[in-house]
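# Coordinate analysis (summary)
As a plain string of letters, each chain reads:
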Protein chains: 2
Amino acid sequence: MQGEKIIGVVGGVGPFAGLDLQRKILEETTAQRDQDHLAVIAISQPAPIPDRTDYLLGKTAVNPAYPIAQQLFTLERAGATVAAIPCNTAHAAPIFSIIQAELAQRQSQLTLLHMMQEVARFIRAALPNARRIGVLSTTGTYRARVYAAALEPAGLTLLVPDEVQQTTVIHPAIYDPQYGLKACGIATPQARAALLTGFAALRQQGAQAVILGCTEIPLALTETEIDGVPLVDATRVLARALVQWPVIGGR
Amino acid sequence: MQGEKIIGVVGGVGPFAGLDLQRKILEETTAQRDQDHLAVIAISQPAPIPDRTDYLLGKTAVNPAYPIAQQLFTLERAGATVAAIPCNTAHAAPIFSIIQAELAQRQSQLTLLHMMQEVARFIRAALPNARRIGVLSTTGTYRARVYAAALEPAGLTLLVPDEVQQTTVIHPAIYDPQYGLKACGIATPQARAALLTGFAALRQQGAQAVILGCTEIPLALTETEIDGVPLVDATRVLARALVQWPVIGGR
């Protein structure tokens, strides 16, 4: 019995990723009828939240941390006790640290999970022999080295695509207005092909597992492994952490 | 520009139907980037809401109207201005009229759309020559004649499966703990086969269109028509009404 636990989701970053997290929360819950499912409140209010990669690259002055924190307060007022932001790029330190500071300043009681810390915990537990870990992500996450900051202290080596492939192949798979996952909400053949190219490059570098490090990517790469290399869906890891929170013994 | 419109969704009835409505809201919105999407707050808190069919059949004394109204108040406090309940059975008069009375008593400013009235409006506009309309639904919706109450005043004749098929084939496609849509969240072959049997029976009665009158059914019947007979996805109709609200000229 989870008692009064209510899961909060900041769902507009992006909107389809918010749905994907909600679906994975349901999938990670053992339920035979409606009433068995956990309480979830999801807010998807994307308009006031600037693009996270744009902010990290200096293309917009407004830190998305502030509207994200506002939406976390809305979730907390509505009853949420544990929350997550299904956007990898929002976990870059220049954004996430401000969200945490805003929560602290308002004396928020909300527990905000950290996506990469959950992924690091998952890899250590589920793939104890994997040392060289690839990651596919937006250019914002790439530049901010969000995964490196979480995984390298655990003795893991992070592998990423080269700069040209990152900016001309991987990032457009997510952001292109015509075939990108954010605009389309489904896996276009072009987006999937681009991401498979990135996967192949990481594998060639020796990746023993590849993190799908943008919440839109699992829309296009739905496999759990390719050619024996496990794909780690960061959204599913986050969903499982929300469902299982609080873990026995606390954190 | 929709200004301060925030869409509220009572998403736990059932949880997968709540996701389906949210997805259709995104699909019915013209958007090329995250920020173009409308604001949506969805609460999925199924535990306190008794099964709607159970209530209508006298198997539980607690009217699901009360917890549903509580969740509408939560949505309104969080900023929602127009809301919907993606559960056909919750629109049965013994439930929906109490929800409306609760909202009125609390002087709620929330506009609560009525699913069947939106479906009736849609059929008149999009299928002006259709007169004989079939409906597939739970047994709760079936007994409460929810669709008849909305469609018959518009001169439409409602067709439903016979009692035996309704209770032994159609309802289990939704509710069976092993293969039902609510437990599985995906279209099992058994559920789809059962619903196609129901569709065939309605077509034999002369249905010129068939309403998918339970929000879980579109998970299994994804076609827009079968053998020339249009399928009316009540969830998609509701999503479009939420996106377009307020319609020009008001209601």
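Just so it is clear, the model here is predicted, and its values are computed rather than measured.

## Let's talk about the domain arrangement of chain A
One widely used convention gives an interface's size as the accessible area the parts lose upon coming together. Residues and elements named next belong to chain A. Per the domain assignment, the segments of chain A are domain 1 (6–114 + 237–244) and domain 2 (115–233). A separation of 20 Å is found between the C-alpha centroids of domain 1 and domain 2. Contacts between the two partners involve 24 residues from domain 1, matched on the other side by 26 residues from domain 2. Together, Asn88, His114 and Val237 form the three largest contributors to the area buried by domain 1 at its contact with domain 2, with a combined 36%. Counting across the interface, domain 1 meets domain 2 through one salt bridge. Here Asp233 and Lys24 are joined by a salt bridge, their closest N and O atoms 2.6 Å apart.

## A few points about the environment of A:Phe16
Within the secondary structure, A:Phe16 is located in helix α1 (residues 15–27). With relative accessibility at 6%, the residue A:Phe16 sits in the buried group.

## Considerations on the side chain of B:Asn63
Residue and element names in this part refer to chain B. Relative to the elements of secondary structure, Asn63 occurs in the loop between α2 (52–56) and α3 (65–77). Classification of Asn63 by relative accessible area gives buried; the value is 7%. Only 3.0 Å separates the side chain of Asn63 from the backbone oxygen of Pro94, close enough to count as a polar contact. Those residues in contact with Asn63 that sit more than four places away from it in its chain are Tyr55, Pro94, Ile95 and Ile98.

## Digging into the packing of α1(A) against helix α1 (residues 15–27) of chain B
Where α1(A) contacts α1(B), the two axes come as close as 10 Å, and the packing angle between them is 170 degrees. Classed by the angle they form, the pair α1(A) and α1(B) counts as roughly antiparallel. Where α1(A) abuts α1(B), its residues A:Pro15, A:Phe16, A:Leu19, A:Gln22, A:Arg23 and A:Leu26 lie against B:Pro15, B:Phe16, B:Leu19, B:Gln22, B:Arg23 and B:Leu26. Looking at side-chain class alone, the contact of α1(A) with α1(B) contains eight nonpolar, two polar and two charged residues.

## With respect to the sheet that holds strand β8 (residues 225–226) of chain A
All names here are of chain A. Taken together, the five strands give an open sheet; going across it, the order is β6-β5-β7-β9-β8, and neighbouring strands pair in mixed fashion. A single partner strand is all that each edge strand has here, and the edge strands are β6 (157–159) and β8. Alignment of strand β5 (residues 132–136) against β6, held across three bridges, turns out to be parallel. Directly across from Gly134, in β6, lies its bridge partner Leu159.

## Quick notes on the environment of A:Glu76
Residues and elements named next belong to chain A. Mapping Glu76 onto the fold places it in helix α3 (residues 65–77). Among the residues examined, Glu76 registers a relative accessible area of 23% and is labelled partly exposed. Along the chain, Glu76 and Ile41 lie 35 residues apart, while their C-alpha atoms are 9.5 Å from each other. The contacts of Glu76, once residues within four sequence positions are left out, are Ser108, Gln109 and Leu110. For Glu76, the side chain forms a polar contact with the side chain of Ser108, separated by 2.7 Å. A polar contact of 2.8 Å, which involves the side chain of Glu76, links it to the backbone nitrogen of Gln109.

## Points about the relation of the copies chain B and chain A
At an RMSD of 0.0 Å, chain B and chain A line up after a rotation of 180 degrees and a shift of 0.0 Å along the axis. Taken together, the rotation and translation relating the two chain copies correspond to the operation of a two-fold axis. Residues of chain B ranked by C-alpha distance from the rotation axis are headed by B:Ala42, positioned 2.6 Å from it. Taken as a fraction of all interface residues of chain B, those also at the interface in chain A reach 100%, which identifies the copy contact as same-surface.

## Things to note about the interface of chain B and chain A
If you look at the interface, chain B gives 37 residues, while chain A gives 37 residues. Both faces considered, chain B and chain A share a buried interface measuring about 2,900 Å² in area, 55% of it formed by carbon and sulfur atoms. One can count two salt bridges joining chain B with chain A. Our count for the contact surface shared by chain B and chain A stands at eight residue pairs in polar contact (both at pLDDT 80 or more).

## As for the packing of aromatic side chains
Counting across every chain of the model gives zero aromatic pairs over all chains. Geometry around A:Phe73 places A:Arg106 over its ring, the cationic atom sitting 3.8 Å from the centre.

## Looking at the pattern of salt bridges
Enumeration over the complete set of coordinates arrives at 26 salt bridges over all chains. Among the salt bridges present, the one from A:Lys24 reaches A:Asp20, with a minimum N-O distance of 2.8 Å. On the criterion of helical spacing, the pair formed by A:Lys24 and A:Asp20 is a turn pair, its members being four residues apart in helix α1. A:Lys24 gets classed as buried once you look at its relative accessible area, which sits at 6%. B:Glu28 is the partner of B:Arg240 in a salt bridge, and the nearest nitrogen-oxygen pair spans 3.2 Å. With B:Arg240 in helix α11 (residues 234–244) and B:Glu28 in the loop between α1 and β2 (39–44), the pair connects residues that are 212 residues apart, well separated along the chain. In this structure, a network of salt bridges that share partners links the residues A:Arg23, A:Glu27, A:Glu28, A:Arg236 and A:Arg240.

## Some remarks on the packing of helix α8 (residues 163–175) of chain B against helix α10 (residues 189–204) of chain B
Residues and elements named next belong to chain B. With their axes 8 Å apart at the nearest point, α8 and α10 run at an angle of 135 degrees to one another. Classified by the angle their axes make, α8 and α10 are oblique. Crossing of α8 against α10: the hand is left-handed. Across from Gln165, Val169, Ile170 and Ala173 in α8, the residues of α10 making contact are Ala191, Ala194, Leu195, Thr197, Gly198 and Ala201.

## So, the sheet that holds strand β8 (residues 225–226) of chain B
Residue and element names in this part refer to chain B. The sheet built from five strands is open, its strands ordered β6-β5-β7-β9-β8 with mixed pairing. Single-partner strands in this sheet number two, and they are β6 (157–159) and β8. When strand β7 (residues 209–212) meets strand β9 (residues 229–233), the two strands line up parallel, connected through three bridges. Bridging from a neighbouring strand, Ile211 pairs with Val232 of β9. Of the strands in this sheet, β5 (132–136), β6, β7, β8 and β9 are in contact with α10, which crosses β5 at around 160 degrees.

What counts and how
Residues numbered from 1 in each chain as written. Chains lettered and ligands numbered in written order. Predicted model: local features only at pLDDT ≥ 70, side-chain atom pairs only at ≥ 80, totals over all residues. Heavy atoms only, no water. Domains from an automatic or database assignment. Contact = heavy atoms within 4.5 Å. Buried area = accessible area lost by both parts, 1.4 Å probe. Salt bridge = Lys/Arg side-chain N within 4 Å of Asp/Glu carboxyl O. Helix = DSSP H or I, 4+ residues; strand = E, 2+ residues; numbered from the N terminus. Buried < 20%, exposed > 50% of the residue type's maximum accessible area, 1.4 Å probe, protein only. Polar contact = N/O pair within 3.5 Å; in protein donor to acceptor, adjacent residues only side chain to side chain. Axes fitted to C-alpha atoms, helices over the stretch in contact; angles between N-to-C directions. Parallel < 35°, antiparallel > 145°, perpendicular 65-115°, else oblique. Nonpolar A, V, L, I, M, F, W, Y, C, P; charged D, E, K, R; others polar. Pairing = 2+ DSSP bridges. Least-squares fit on C-alpha atoms with pLDDT ≥ 70 in both. Phe/Tyr/Trp six-rings, centres within 6.5 Å; stacked < 30°, edge-to-face > 60°. Lys NZ or Arg CZ within 6 Å of the ring centre and 35° of its normal. Left-handed = near helix turned anticlockwise from the far one by under 90°.

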